[in-house]
Amino acid sequence: VKPKGPQYPGPRLWHLIDARAQVVGRLSSQIATLLMGKHKPTYVPRFDCGDHVVVINAKDVVFTGRKWDQKLYRHHTGWPGGLREV
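Let us look at the structure shown here. (Residues numbered from 1 in each chain as written. Predicted model: local features only at pLDDT ≥ 70, side-chain atom pairs only at ≥ 80, totals over all residues. Heavy atoms only, no water.)

1. Points about the pairing of strand β2 (residues 52-56)
So the rule is basically this: DSSP bridges decide pairing: two strands pair if at least two such bridges lie between them. Strands are runs of DSSP state E lasting at least two residues, helices are runs of H or I lasting at least four, and both sets are numbered from the N terminus onward. Here, the term right-handed applies to a crossover whose path from the first strand over the helix to the second runs clockwise when the strands point away from the viewer.
Bridging between strand β1 (residues 14-18) and β2 involves five bridges; their strand directions are parallel. Looking at β2, one finds that W14 is bridged to H52. In this fold, β1 hands off to helix α1 (residues 24-36), which returns the chain to β2; that crossover is right-handed.

So this is what it looks like as C-alpha cells:
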C-alpha cells in the first residue's frame, strides 16, 4: 500500500532500541519523536519524515508506581449497562 500525501525526499534511518529496564512513558516519548521525525533538522509537519524503529526486549520494560495493580481499562458497548472493565 502506497501512502497518500506528500512524501519526504530525505533518507529514512533504522533505529534499534533496547527496552530492557526502561521506563515505559519515557521510552514511548523517545520512540514517538523518532517516528515523527522531529529529531531531524529538516522536520516539516506536513511530510512523513519519520524513521523506522525496531524495539527489542519489550517484555522487560519497567512500570513506575503501582500501575500493574491500579491500572483499569473501561469500555462502553453503547448498550444500557454495557460498561466493561478489564
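2. Notes on the side chain of K40
What counts here: By the criterion applied in these results, polar contacts are pairs of N or O atoms within 3.5 Å in which, for protein atoms, one can donate a hydrogen and the other can accept it, and in which residues neighboring in sequence qualify only through two side-chain atoms. Here, two residues are considered to be in contact whenever any of their heavy atoms come within 4.5 Å of each other.
Its place among the elements puts K40 in the loop between α1 and β2. Of note is the side chain of K40, whose polar atom sits 3.1 Å from the backbone oxygen of P11. Once residues within four sequence positions are removed from consideration, K40 is found in contact with Y8, P11, R12, C49 and D51.

3. Concerning the pattern of salt bridges
Threshold: Criterion for a salt bridge: a side-chain nitrogen of Lys or Arg within 4 Å of a carboxyl oxygen of Asp or Glu. Remark: exposure states derive from per-residue accessible area (1.4 Å probe, protein chains only) relative to the maximum for the residue type, with buried under 20%, exposed over 50%, and partly exposed in between.
Scanning the model with the defined rule gives five salt bridges in all. In this structure, the salt-bridge partner of R12 is D48, at a minimum N-O distance of 3.4 Å. Taken as a pair, R12 in the segment before β1 and D48 in the loop between α1 and β2 lie far apart in primary sequence, 36 residues in all. In this structure, the salt-bridge partner of E85 is R74, at a minimum N-O distance of 3.0 Å. Taken together, the residues E85 in strand β4 (residues 83-85) and R74 in strand β3 (residues 74-76) connect sequence positions eleven residues apart. Judged by its relative accessible area of 47%, E85 is partly exposed.

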